[in-house]
Amino acid sequence: MSSVRPLAILGGTFDPIHHGHLRAAWEAAEALEAEVRLVPARTPPHRPAPVADAAGRVALLRAALAGQDRLTIDTRELDRDGPSYSVDTLASLRADIGPERPLVLLVGADAFAGLASWHLWRELFTFAHVGVLNRPGVTHTAPPELADFIAGRRSERVHGAAGTVIDIAITPLDIAATAIREAFAAGSEPRFLLPSACFDDESLLAPYRALGR
Ligand code: ATP
């Protein structure tokens with residue numbers, strides 16, 4: 001393990017945040033001995049607009065993270081105009097932390113399989129390592145372009161500031177925001193898939209409940 005505590009980020013729409021995200025981020029923090037920040041996306045490229053607006057998704061994140069300080073929120077993508085490209089986020093984080101501190105972009109296995117379609121994807125590795133989190137039901141393998149690029153970049157641990165791919169074994173939790181939105185749309189209450197604190201304030205989940213009306 002590097003002597004400097006790595007910084008890891010988990011980006012996503014978090015529409016809404018759920019225990020799959022939270023447990024993945026928590027276990028990555030433990031495995032990498034890292035500070036982990038959740039980075040909500042404002043305008044995710046290649047995706048339909050989120051159900052909840054940015055302020056609503058951040059309010060849910062705050063409720064979900066209350067009571068601990070290992071996981072924090074970084075809202076820099078919300079403060080920036082235009083689409084949220086990970087390469088820009090990593091460049092901005094790298095500028096903040098300097099050239100030495102290890103930086104890790106955490107992605108679920110589903111997101112990793114699609115990495116070669118991301119804007120300037122090869123440059124991600126000049127700024128950060130990529131930490132791949134297993135996700136139940138994900139059977140995609142890396143397409144040849146990505147497989148070729150990462151061959152020889154695999155690492156068991158954080159070594160150096162950037163440039164490798166690290167598999168991070170986490171407790172598999174088959175929870176997805178899509179299924180949670182579908183549950184709300186069907187008029188049911190998807191309790192225990194996301195923190196109970198998210199249900200405490202009636203207004204927090206109102207955009208999702210409205211899907212069912
Ligand atoms: P949706 O169903 O709307 O696509 P999601 O549940 O996949 O949402 P995102 O906000 O898109 O959530 O995910 C952010 C990141 O967290 C992605 O890298 C994704 O792969 C990862 N992730 C989400 N859920 C899990 C999970 N249950 N286990 C591991 N990684 C996850």
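Higher on the page you've got the structure.
No experiment lies behind these values; they were computed from the predicted model shown.

Student: Explain the overall build of the protein chain to me, using residue names and the numbers behind them.
Tutor: Helix and strand counts for the protein chain come out as nine helices and seven strands. Against the 2.2 N^0.38 benchmark of 17 Å for 213 residues, the protein chain shows a C-alpha radius of gyration of 17 Å, consistent with a compact globule. Expressed as lengths along the three principal axes of its C-alpha atoms, the size of the protein chain is roughly 50 × 35 × 35 Å. Residue burial in the protein chain is summarised as follows: out of 213 residues, 35% are buried. A separation of at least 24 residues holds for 79% of the contacts in the protein chain among residues at least 6 apart in sequence.

Student: Describe in detail the site of the ligand, supporting the description with residues and values.
Tutor: Near the ligand there are 19 residues, and of these Gly-12, Gly-20, Gly-108, Ala-177 and Thr-178 occur at the shortest range. Elements represented by at least two residues in the shell around the ligand include exactly strand 1 (7–12), helix 1 (19–32), strand 4 (103–108), helix 4 (109–113) and helix 7 (177–185). Among the elements that make up the shell around the ligand, the one with the highest residue count is helix 1 (three residues). Tallied by class, the residues present in the shell around the ligand amount to 10 nonpolar, six polar and three charged.

Student: Requested: an account of the sheet that holds strand 6 (residues 154–155), with residues and values cited.
Tutor: In space, the seven strands of this open sheet follow the order 3-2-1-4-5-7-6, with parallel pairing throughout. Among the strands making up the open sheet, the edge pair consists of strand 3 (71–73) and strand 6. When strand 6 meets strand 7 (residues 165–168), the two strands line up parallel, connected through two bridges. Paired with Ser-155 across the strands is Ile-166, a residue of strand 7. The strands touched by helix 3 (residues 86–97) are strand 1, strand 2 (35–40) and strand 4; relative to strand 4, the strand with the most contacts, the crossing angle is about 150 degrees.

Student: How would you summarise helix 2 (residues 54–65) if you had to cite specific residues and measurements?
Tutor: For helix 2, spanning 12 residues, the distance from its first C-alpha to its last is 16 Å, which sits close to the expected 16 Å at 1.5 Å a residue. Those residues of helix 2 lying buried are Arg-57, Leu-60, Leu-61, Ala-63 and Ala-64. Axial view of helix 2: buried residues confined to an arc of 165 degrees, hence all on one face. Where the residues of helix 2 are buried, they touch helix 1, strand 2, strand 3 and helix 8 (197–200). Remark: Gly-67 follows helix 2 within two positions and exhibits a positive phi of approximately 95 degrees.

Student: Tell me about the environment of Ala-113, and please be specific about residues and values.
Tutor: One can find Ala-113 in helix 4. Taking the number of C-beta atoms within 10 Å as the measure of exposure, Ala-113 has 19 and is therefore partly exposed. Note: C-alpha distance between Ala-113 and Val-138 (25 residues apart in sequence) is 9.2 Å. Once you skip the residues sitting within four places of it in the chain, Ala-113 turns out to touch His-140, Thr-141 and Ala-142.

So, how was this worked out
- Residues numbered from 1 in each chain as written.
- Predicted model: local features only at pLDDT ≥ 70, side-chain atom pairs only at ≥ 80, totals over all residues.
- Helix = DSSP H or I, 4+ residues; strand = E, 2+ residues; numbered from the N terminus.
- Rg over C-alpha atoms; globule rule 2.2 N^0.38 Å.
- Buried ≥ 20, exposed ≤ 12 C-beta atoms within 10 Å, placed from the backbone.
- Contact = placed C-beta atoms within 7 Å.
- Near = placed C-beta within 6 Å.
- Nonpolar A, V, L, I, M, F, W, Y, C, P; charged D, E, K, R; others polar.
- Pairing = 2+ DSSP bridges.
- Axes fitted to C-alpha atoms, helices over the stretch in contact; angles between N-to-C directions.
- Expected span 1.5 Å × (residues − 1).
- Arc of directions from axis to C-beta.

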